[in-house]
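One letter stands for each residue in the lines below.
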Amino acid sequence: MYQNYSPVHIIEDLKNTKKKILLIDLKLGYEDMHIVFHKTKNYIKIEDRNFLININKNIKLLTGLSKIIKNNNRQEKNKIISIIEKNAKKYDKVIIEILDKNFPEINKRIIEKTEKNILILENNFKGIKNTKNNLEKYKNIKNKNIYLFLYEQEKDKKICIDILKEIFKKIKIIKQEKDLIKLLK
């Protein structure tokens, strides 16, 4: 398990797959995945029509969608959803990184349409509490495939897995990165 988890670590493990993968940086206004992949020059050149950056021949990054948001209205949010849906159809796997408190309407619509939702959280009290609150907000979502992936930064502050199973009764908990990778493949 990685000490300092980042979605990029998962992508590194998936780079050798033959499947076409679309990464979506949906942290609107806080997009940073392009930095990790050393694609800042490409990010700066993003226009309103093309939000894709090549990572390698099988992996593309959809980013810069915050450039659409000018008035924070429904039309702009629908355009973002439309771009995501249009591009997602072309890939075998789609991995979306979102911020909990950023554009909750867009997050909810994405979560509703997603086949598998993997919530990645730090195994500590704050991470557990935030995830529990977010799941309560989305309790009407009828996805049966919700997974929690736990990563830990400080071993002395982690919560026992039995307690977590009691808190998240109907959700599958993934403890090891290799199990997460299997789920994504």
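Okay, so let's go over this structure. (Residues numbered from 1 in each chain as written. Predicted model: local features only at pLDDT ≥ 70, side-chain atom pairs only at ≥ 80, totals over all residues. Heavy atoms only, no water.)

### Brief notes about the pattern of salt bridges
Evaluated as defined, the whole model comprises five salt bridges. We note a salt bridge from K27 to D25, for which the minimum N-O separation is 2.9 Å. What makes D25 buried here is its relative accessible area of 0%. The partner of E166 in a salt bridge is K169, and the shortest N-O contact between them spans 3.3 Å. K169 gets classed as exposed once you look at its relative accessible area, which sits at 61%. The structure contains a network of salt bridges with shared partners spanning D25, K27, D32 and E97. (Salt bridge = Lys/Arg side-chain N within 4 Å of Asp/Glu carboxyl O. Buried < 20%, exposed > 50% of the residue type's maximum accessible area, 1.4 Å probe, protein only.)

### Things to note about the sheet that holds strand β2 (residues 52-54)
The four strands lie next to each other as β2-β3-β1-β4, forming an open sheet whose pairing is mixed. At either margin of the open sheet sits one strand with a lone partner, and together these are β2 and β4 (93-98). Within this sheet the neighbouring strands show an average axis-to-axis angle of 20 degrees, counted without direction. Note that β2 and strand β3 (residues 59-62) share three bridges and pair antiparallel. Within β3, the residue paired with I53 across the bridge is L61. (Pairing = 2+ DSSP bridges. Helix = DSSP H or I, 4+ residues; strand = E, 2+ residues; numbered from the N terminus. Axes fitted to C-alpha atoms, helices over the stretch in contact; angles between N-to-C directions.)

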